[in-house]
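Overview (structure and organization)
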Amino acid sequence: MTPADARTRELADQARDEVAAAASRAESRNRPRVFILASSLALAIAFVMLVLGMGAKANADSSLRRERAQANEAVELLARLRQLDEAAKDSTKLPFGEQLSKIRSKITDAASRAGLKSPPQLPVSDQVVRNVAAGVNRNTWTYEVRDPSLRAMLDWLQLAIKDIPGFEVYSVTLKPEQNQWYLRVTFSRLERSS
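Predicted model only: the values in this text are computed from it and were never measured. Sequence order as written defines the numbering, with residues in each chain counted from 1. Thresholds applied to this predicted model are a pLDDT of at least 70 for local features of residues and 80 or more for the giving and counting of side-chain atom pairs; totals over whole chains, interfaces and linings are not thresholded and use all residues. Note that the side-chain values use all heavy atoms of the structure and ignore hydrogens as well as water.

What to know about the overall build of the chain
Helix and strand assignments come from DSSP, with helices taken as H or I runs of at least 4 residues and strands as E runs of at least 2, each series counted from the N terminus. Regarding its fold elements, the chain presents four helices and four strands. For the chain, the succession of helices and strands along the chain, N to C, is α-α-α-β-β-α-β-β. Burial classification: accessible surface area is computed with a 1.4 Å probe over protein chains only, and a residue below 20% of its type maximum counts as buried, one above 50% as exposed, and the rest as partly exposed. Among the 194 residues that make up the chain, the fraction classed as buried is 21%. The long-range fraction of contacts in the chain, counting pairs at least 24 apart against all pairs at least 6 apart in sequence, stands at 63%. Per element, the accessible surface of the chain, about 13900 Å² overall, is 56% carbon and sulfur. Here, residues are in contact when the closest pair of their heavy atoms is within 4.5 Å. Exposure was quantified through the Shrake-Rupley algorithm and a 1.4 Å probe, taking into account, for residues, occlusion by the shown protein chains and nothing else.

This is the structure:
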């Protein structure tokens, strides 16, 4: 090989490298990475916004459920208040007036029918809250019961409410003990003021 041929070959290689580099630059200009990066960034931002939107929607749904529950409770309380107002205006609508001893015996009878092993005979406490509404008092009876059967206790509560007109469960405390359940329940009933 002559020096001229080597020089020609070197120039050809150099020209080929320059043409390849030029073709690579032209190809890069024809496929700009900026658009790919920008669209990837836009997609990532959209995904983050989607996740944040779903979180905000979940919070809004939870808030809506809570507000609906509060609204339903307010409607129930308003209906109860209207019932009390009507009862205070027309005392013949109140299903009250039973003697205290009859109420206590009905509670004891309900406990026996529910299957409690030792039905409560007397309440732990009873009290009267005067003037809950115009001409209406709230009587409460608190009982403490221990029994191995939770089902019997719950049946007792339902039977007592069913058997005595106007009777309601005012509060309940239920705790498991070693071999039995402990129940402290306060029943209430609205009655006319004397």
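Let us keep going from here.
Looking at the packing of aromatic side chains
Any two of the Phe, Tyr and Trp rings considered here, Trp counted by its six-membered ring, make a pair once their centres fall within 6.5 Å; the pair's planes then place it as stacked at under 30 degrees, edge-to-face at over 60, or tilted in between. For the structure shown, the criterion picks out five aromatic pairs. Taking 6.2 Å as the distance between ring centres and 70° as the angle between the ring planes, the aromatic pair formed by Tyr143 and Phe187 counts as edge-to-face. Residue Tyr143 is located in strand S2 (residues 136–147), and its partner Phe187 is located in strand S4 (residues 181–192); the two are separated by 44 residues in the primary sequence. With respect to burial, Tyr143 and Phe187 carry one shared label: buried. Here the aromatic rings of Trp156 and Phe187 are separated by 5.6 Å at their centres, their planes lie at 85°, and the arrangement is edge-to-face. In this pair, Trp156 is assigned in helix H4 (residues 150–163) and Phe187 in strand S4, connecting sequence segments 31 residues apart. The buried category is assigned to Phe187, whose relative accessible area is 0%. Ring pairs connect the aromatic residues Trp141, Tyr143, Trp156, Phe167 and Phe187, which therefore count as one cluster.

Quick notes on the pattern of salt bridges
Side chains carrying opposite charge are able to pair once their charged atoms draw close together. We define a salt bridge as a side-chain nitrogen of Lys or Arg found within 4 Å of a carboxyl oxygen belonging to Asp or Glu. Tallying each qualifying case throughout the model produces six salt bridges. A salt bridge links Glu144 to Arg184; its shortest N-O distance comes to 2.3 Å. With Glu144 in strand S2 and Arg184 in strand S4, the pair connects residues that are 40 residues apart, well separated along the chain. Of the residues examined, Glu144 reaches a relative accessible area of 33% and is grouped as partly exposed. In this structure Arg184 comes out as partly exposed when scored by relative accessible area, which is 30%. One salt-bridge network, held together by shared partners, links Asp109, Arg113 and Asp163.

None of the figures reported here should be taken as evidence of function without further support.
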